[in-house]
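These are the residues of each chain, in order.
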Amino acid sequence: MSSVESLQEQLSQSDPSPSPNSCSSFELIDMDAGSLYEPVSPHWFYCKIIDSKETWIPFNSEDSQQLEEAYSSGKDCNGRVVPTDGGRYDVHLGERMRYAVYWDELASEVRRCTWFYKGDKDNKYVPYSESFSQVLEETYMLAVTLDEWKKKLESPNREIIILHNPKLMVHYQPVAGSDEWGSTPTEQGRPRTVKRGVENISVDIHCVNDFRSVSLNLLQTHFKKAQENQQIGRVEFLPVNWHSPLHSTGVDVDLQRITLPSINRLRHFTNDTILDVFFYNSPTYCQTIVDTVASEMNRIYKLFLQRNPDFKGGVSIAGHSLGSLILFDILTNQKDSLGDTDSKKDSPDIVMDHGDTLTLEEDLKKLQLSEFFSIFEKEKVDKEALALCTDRDLQEMGIPLGPRKKILNYFRTRKNSMGINRLTLQSASGANMSNLSKESEFCSGTAGNDQHLDVGIGQVSVEYPRLIYKPEIFFAFGSPIGMFLTVRGLKRIDPNYKFPTCKGFFNIYHPFDPVAYRIEPMVVPGVEFEPMLIPHHKGRKRMHLELREGLTRMSMDLKNNLLGSLRMAWKSFTRAPYPALQASETAEETEAEPESGSEKPSDVSTEESPAAGKEDAPPINVGMLNGGQRIDYVLQEKPIESFNEYLFALQSHLCYWESEDTVLLVLKEIYQTQGIFLDQPLQ
């Protein structure tokens, strides 16, 4: 390529019109006049808008081959659909459009590409349109067949393409504002390289370094044996979109009007994160959020099974930030049997059949407020809706102050009594539930089908939907679950508690993540211990962490040796001089000497015992929330991050989707459920 680039420099400085003198040097480059024409091999690309700019991304080789076979089959392309990207996207061949299957995304243009030119700034190859590529190919075929080069073409966009020889073809952009073509290509600016075919253009990599592409790379490096033996398939990652529907209400626009213009990035992060927290704690939106999340999870699962009828693997779920809290609340309110009916009677949060059988009309009659029943009936307000109403809501419906206070007090008292009834009923059915007061702990609910974790302390009343499958593992990234449970008044998690339908739970966080909190101290509140350190994906700890620990150990050794030397010197200084001893006294001294001599190794072993104790200590019991395994897992910060933890705080909250260490832990735990392990254990 260096020779070609240098020739392009010559071309830009001279008259590139086809004359024997100016182009003779070009003809000497790998020219073979007798070479036979071979058709170009096409490759399929799709267009994405990245930073308001069109970027053409190649399909991988397998998808491109499938598209080419469908195109060349001789059948009508209209209505022909080809699944790509592991079934996550469908290409409508006749339309030349690519559509997302499992989530909402703008459709992208698809192109069968054979000819390219280099872009202006990023040096990436841009494909010509299919029609003009065909013109270029026909011109190229004639040039090769007749051995007649220096062909000059004009594209529909008024660009000039000159085919000097098979190895040197250039492209000139038109001059902006020019009404007519210039007399020579020199006036059209710097030439760009024209390329025929996709040779030397990488088409087997993914351009976005996300969770999915990182996992594919790690499969090649850490699960190579299992892949070669065809013991495992890839892990598919499908996003559950609940954020966009929630923010389509116009609240974001209202919030933007009152947001200060300074520190834009931080304020955008705050609005995007904290607003969702307010949404989730709002009676208006909380039910919408859990309904949206659960329905999307069920919809995607059913759609995936429809498109992959032979699928026999398991399903794990992952949530980031507030998404992890939503999943936690949904999982704690599932039933341990998917065969249970979804009736009000069996719902874990609804106890209408136990001490609350009165209708709204009967409740109002009991309060001597029957005259207001018609108002509630007109507004379609039932008991559950009335329990969510505020004083302002009742005022807008025309309810006077006195009746408003009676109604609000009645339903507030009723809600509290329902909470007591719920706990009592669950205790009677076998769940070891304690009284969830402000210093409450939540305990296991594994004895019967109706046990569940009541997370309603400090939380709005929500009816949690059912998932149609049982997740194998729940991964929480950068999760505030621990903080929310504490604020809700849950002081301790009973070691026997586990999710009704999910066996595993991993709380994964970056040490500088300002949103992340631990879970294990809520299970074992009286013991201080460190989280599990996630190994680096290449093995061992990061070098700066090992260096830091090495320096710490060195300073401790120096301290211990210095103290030991001072202690021995002091004992030698204070010991009385030995007189002439009799044989019996010598024997006594001989017995005493090992005791004094043993003090030195005793001191050393005492100082080293903490480190030895860490290695030999029995594993900490953190309960059954993760099947008896550890729950909290911390990533190793990068060397540059260790210089200023505040500077990288926001970035650390978003690091999980591109973290090889996080992805490897997820893959390791998922494949272990199938009896598949890493090729080499990480240290």
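Residues numbered from 1 in each chain as written. Predicted model: local features only at pLDDT ≥ 70, side-chain atom pairs only at ≥ 80, totals over all residues. Heavy atoms only, no water.

**Some remarks on the packing of aromatic side chains**
Then, in step 1: Counted under the stated rule, the structure contains 27 aromatic pairs.
Then, in step 2: Relative to Tyr633, the ring of Phe506 lies with its centre 5.3 Å away and its plane at 45°, an arrangement referred to as tilted. Of this pair, Phe506 sits in strand β17 (residues 504–509) while Tyr633 is found in strand β19 (residues 632–634), placing the two residues 127 residues apart along the sequence.
Then, in step 3: Looking at Phe506, the relative accessible area reads 1%, which means it is buried.
Then, in step 4: Among the aromatic residues, ring-to-ring pairing joins Phe211, Phe237, Phe477, Tyr656 and Trp657 into one connected group.
Then, in step 5: One Lys or Arg, Arg98, reaches over the ring of Tyr46 and ends 3.7 Å from the middle of that ring.
Then, in step 6: For the cation-ring pair, Arg518 lies above Phe529, with the distance from its terminal atom to the ring centre recorded as 5.3 Å. (Phe/Tyr/Trp six-rings, centres within 6.5 Å; stacked < 30°, edge-to-face > 60°. Helix = DSSP H or I, 4+ residues; strand = E, 2+ residues; numbered from the N terminus. Buried < 20%, exposed > 50% of the residue type's maximum accessible area, 1.4 Å probe, protein only. Lys NZ or Arg CZ within 6 Å of the ring centre and 35° of its normal.)

**Quick notes on helix α3 (residues 61–71)**
Then, in step 1: Among the residues of α3, those classed as buried are Asp63, Ser64, Leu67, Glu68 and Ala70. All buried residues of α3 lie within an arc of 160° about the axis, which places them on one face of the element.
Then, in step 2: Buried residues along α3 sit against β1 (43–50), β3 (81–84), β4 (89–92) and β6 (108–113). (Arc of directions from axis to C-beta. Contact = heavy atoms within 4.5 Å.)

**Remarks on the pattern of salt bridges**
Then, in step 1: Tallied over the entire structure, the rule returns 21 salt bridges.
Then, in step 2: Here Arg88 ties to Glu236 by a salt bridge, and the two come within 2.7 Å at their closest N and O atoms. Of this pair, Arg88 sits in the loop between β3 and β4 while Glu236 sits in the loop between α6 (224–228) and α7 (243–246), and the two are 148 residues apart along the sequence.
Then, in step 3: Overall, Arg88 belongs to the buried group, its relative accessible area being 6%.
Then, in step 4: With its nearest N and O atoms 2.9 Å apart, the salt bridge here joins Lys668 to Glu669.
Then, in step 5: In this structure Glu669 comes out as buried when scored by relative accessible area, which is 5%.
Then, in step 6: Taken together, the shared-partner salt bridges in this structure form one network comprising Arg88, Arg212, Arg234 and Glu236. (Salt bridge = Lys/Arg side-chain N within 4 Å of Asp/Glu carboxyl O.)

**Brief notes about the sheet that holds strand β2 (residues 53–58)**
Then, in step 1: Strands sit in the order β2-β1-β6-β5-β4-β3 across an open sheet of six strands; the sheet is antiparallel. Edge strands, defined here as strands with exactly one partner in the open sheet, are β2 and β3. Averaged over neighbouring strand pairs, the angle between their axes works out to 35° when direction is ignored.
Then, in step 2: Judged from the four bridges that link them, β1 and β6 form a sheet pairing that is antiparallel. Paired with His43 across the bridge in β6 is Cys113.
Then, in step 3: Of the strands in this sheet, β1, β3, β4 and β6 touch α3, which is tilted by about 170° from β3. (Pairing = 2+ DSSP bridges. Axes fitted to C-alpha atoms, helices over the stretch in contact; angles between N-to-C directions.)

**Side note on unusual backbone geometry**
Then, in step 1: Here Arg96, not a glycine, exhibits a phi torsion of approximately 55°, which is positive.
Then, in step 2: Looking at the element boundaries, Arg96 is found in the loop between β4 and β5 (97–100).

**Some words on the sheet that holds strand β18 (residues 532–533)**
Then, in step 1: If you walk across this open sheet you meet the five strands as β13-β15-β17-β19-β18, and the pairing is parallel. Strands with a single pairing partner mark the edges of an open sheet, and in this sheet they are β13 (317–320) and β18.
Then, in step 2: As judged from the two bridges shared by β18 and β19, these two strands associate in the parallel manner. Bridge pairing links Met532 to Tyr633 in β19.
Then, in step 3: Against the sheet, helix α23 (residues 660–672) engages β15 (473–477), β17 and β19, with an angle of about 170° to β15.

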